[in-house]
Amino acid sequence: MNNFLSVNDVTDVSALVKEAIQLKSNPFTPNVAPSKTLGLVFFNPSLRTRMSSQKAAQNLGMNVIVMDVNQSGWKLEFGDGVVMDGGTQEHVKDAVKTMSQYVDILGVRTFPGLVDREKDYQEEVLQQFVKHAEVPIVSLESATLHPLQSLADLITIAEKKIERPKIVLSWAPHPKPLPQAVANSFLEWVKLTNAEVTLACPEGFELAEQYTDGVKIQHDQQEAMKGADFVYTKNWSSYADYGAIAPELPWTINKEKMALTNNGSFMHCLPMRRNVVATDEVIDESLVYEQALNRVFSAQVVLKRLLS
Ligand code: CP
């Protein structure tokens, strides 16, 4: 593995999930990388990704350097050949090449603008890091994908040991426009397992075809949830009418809807707006904290692979 940007960097998803579950039973192995350093660069807020990546690195004996670019860094320029006499102070090329002198692996979080679809889906910021880095790059959630989250989600599902689980990825309401990254990525990963996958979303909130290809799409949420073993819920803004949010729709997951499932488990990557995305009683009986815990082992197995 040279970088970890998407499921395409993984040759065998099932083997990676198994290795992560093994690590979980004996996570503290500080002899693996005692002289190595992980750099974490955040353009956007984070709780789980920040803390779980640090914990994973520490489990392997690594040092960690965290940089909140927008708060404590110079304003970066991304354009090539730009005469930098405006608001930007440092070119991304110089910043990334410099960071590469200090760290052995570099993680980057960069959300989409949700205005220009083409620009977001080209992953301009992440690709600039890949282009200029002299060390492996790990996506800590990019404009379109969140692979560390998806790997943690697959670990959580695998731990339930259901032969061929029925998984529903359901859209949920949210007052602000959110990225499609978690949902895109979840589909990309789960499609490589033997699960039966359904995408439930209101009309106009289908995801990009490259992710939904081969996935059953239903616009009736409750019909889709019937017999499900897992209901993975997430809001995302429209891909078709890029960045648009939905008017208020009755898509909040509640106890009555969960009763339609096969005693199914509710999943969400967090953070989540309680009683908007799902009701308190659903969240309090869910797998969300198990998913959050598994973020450590998802990061740890990826760091270990990149170091070897
Ligand atoms: N799920 C997730 O990535 O959480 P954070 O945004 O808090 O890192």
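Rules used throughout
- Residues numbered from 1 in each chain as written.
- Predicted model: local features only at pLDDT ≥ 70, side-chain atom pairs only at ≥ 80, totals over all residues.
- Heavy atoms only, no water.
- Helix = DSSP H or I, 4+ residues; strand = E, 2+ residues; numbered from the N terminus.
- Buried < 20%, exposed > 50% of the residue type's maximum accessible area, 1.4 Å probe, protein only.
- Contact = heavy atoms within 4.5 Å.
- Areas by Shrake-Rupley, 256 points an atom, 1.4 Å probe, with all protein chains shown as cover.
- Lys, Arg positive; Asp, Glu negative; His and termini not counted.
- Charge placed at Lys NZ, Arg CZ, Asp CG, Glu CD.
- 1 Å grid on protein atoms, 1.4 Å probe; cavity = no way out; pocket = protein on both sides within 12 Å on 5 of 7 lines; lining within 4 Å.
- Points joined across faces, edges and corners; volume = space filled by probe spheres on them.
- Nonpolar A, V, L, I, M, F, W, Y, C, P; charged D, E, K, R; others polar.
- Near = heavy atom within 4 Å.
- Polar contact = N/O pair within 3.5 Å; in protein donor to acceptor, adjacent residues only side chain to side chain.
- Phe/Tyr/Trp six-rings, centres within 6.5 Å; stacked < 30°, edge-to-face > 60°.
- Pairing = 2+ DSSP bridges.
- Axes fitted to C-alpha atoms, helices over the stretch in contact; angles between N-to-C directions.
- Left-handed = near helix turned anticlockwise from the far one by under 90°.
- Right-handed = clockwise from strand over helix to strand, strands pointing away.

Peer 1: Tell me what's going on with the overall build of the chain, and back it up with residues and numbers.
Peer 2: Each helix and strand in the chain was counted, giving 13 helices and 11 strands. Dimensions of the chain, computed from the C-alpha atoms along their principal axes, are close to 55 × 45 × 35 Å. When burial is assessed residue by residue, the chain has 56% of its 308 residues classed as buried. Counting only contacts in the chain whose residues sit at least 6 apart along the sequence, the fraction spanning at least 24 positions is 78%. Total accessible area on the chain stands at roughly 14,000 Å², and carbon and sulfur atoms take up 48% of it. For the chain, the distance from the average site of its 29 positive side-chain charges to the average site of its 37 negative ones is 5 Å.

Peer 1: Describe in detail empty space enclosed by the protein, supporting the description with residues and values.
Peer 2: One pass over the structure, following the stated rule, counts one cavity of 30 Å³ or more. When its volume is computed, the largest cavity comes out at roughly 70 Å³. Lining the largest cavity are Leu 38, Leu 40, Ser 53, Gly 107, Val 138, Leu 140, Leu 148, Ala 299, Val 302 and Leu 303. Elements supplying a minimum of two residues to the lining of the largest cavity: β1 (37–42) and α13 (288–307). Per-element tally for the lining of the largest cavity: the top contributor is α13, with three residues. Residue composition of the lining of the largest cavity, by class: eight nonpolar, two polar and no charged.

Peer 1: So what's going on with the site of the ligand? Residues and values would help.
Peer 2: Around the ligand sit Ser 46, Leu 47, Arg 48, Thr 49, Arg 109, His 146, Gln 149, Cys 269, Leu 270 and Arg 295, and that is every residue in its neighbourhood. Gln 149 is positioned with one of its side-chain polar atoms (N or O) 3.0 Å from a nitrogen atom of the ligand. Looking at side-chain class alone, the shell around the ligand contains three nonpolar, four polar and three charged residues.

Peer 1: A description of the packing of aromatic side chains should follow, citing residues and the corresponding values.
Peer 2: Tallied over the full model, the rule gives eight aromatic pairs. Centroid distance Phe 186 to Tyr 232: 4.2 Å. Interplanar angle 25°. Geometry classified as stacked. Here Tyr 232 lies in strand β10 (residues 230–234) and Phe 186 lies in helix α8 (residues 181–190), a separation of 46 residues in the sequence. For the pair Phe 186 and Tyr 232, one class covers both residues: buried.

Peer 1: I'd like to hear about unusual backbone geometry, residue by residue, with values.
Peer 2: Residues Leu 270 and Pro 271 are joined by a peptide bond in cis, for which omega reads 0°. One can find Pro 271 in the loop between β11 (265–267) and α12 (280–283). Note that Leu 270 resides in the loop between β11 and α12. Residues other than glycine seldom take positive phi values, yet Asn 275 does so here, at roughly 65°. Inspection of the secondary structure assignment puts Asn 275 in the loop between β11 and α12.

Peer 1: Got a sec to walk through the sheet that holds strand β6 (residues 137–139)? Specific residues and values, please.
Peer 2: Taken together, four strands build an open sheet; the order of strands is β2-β1-β5-β6 and the sheet is parallel. Edge positions in the sheet fall to β2 (63–68) and β6, since each has one partner strand and no second. The mean inter-strand angle of the sheet, taken between neighbouring strand axes irrespective of direction, is 20°. Examined bridge by bridge, β1 and β2 share six bridges and lie parallel to one another. Counted as the bridge partner of Thr 37 is Asn 63 from β2. Across the face of the sheet, α13 comes into contact with β1, β5 (105–109) and β6 while running at roughly 140° to β5.

Peer 1: Explain the packing of helix α7 (residues 147–159) against α13 to me, and be specific about the residues and the numbers.
Peer 2: At a minimum axis distance of 8 Å, the contact between α7 and α13 shows a crossing angle of 115°. When you trace α7 past α13, the crossing you get is right-handed. In contact with Leu 148, Gln 149, Leu 151, Ala 152, Asp 153, Ile 155, Thr 156 and Glu 159 of α7, α13 contributes Glu 290, Gln 291, Asn 294, Arg 295, Phe 297, Ser 298, Ala 299, Val 301 and Val 302. Along the lines of polarity and charge, the residues of the contact of α7 with α13 split into eight nonpolar, five polar and four charged.

Peer 1: Explain the pairing of β1 to me, using residue names and the numbers behind them.
Peer 2: When you tally the buried positions in β1, you get six out of six residues, the bulk of the element. Once the chain exits β1 it traverses helix α2 (residues 48–59) before rejoining the sheet at β2, and the crossover so formed is right-handed. Strand direction decides the pairing type here: β1 and β5, joined by five bridges, are parallel. Bridging from a neighbouring strand, Leu 38 pairs with Ile 105 of β5.

Just geometry here; none of it tells us what the structure is for.
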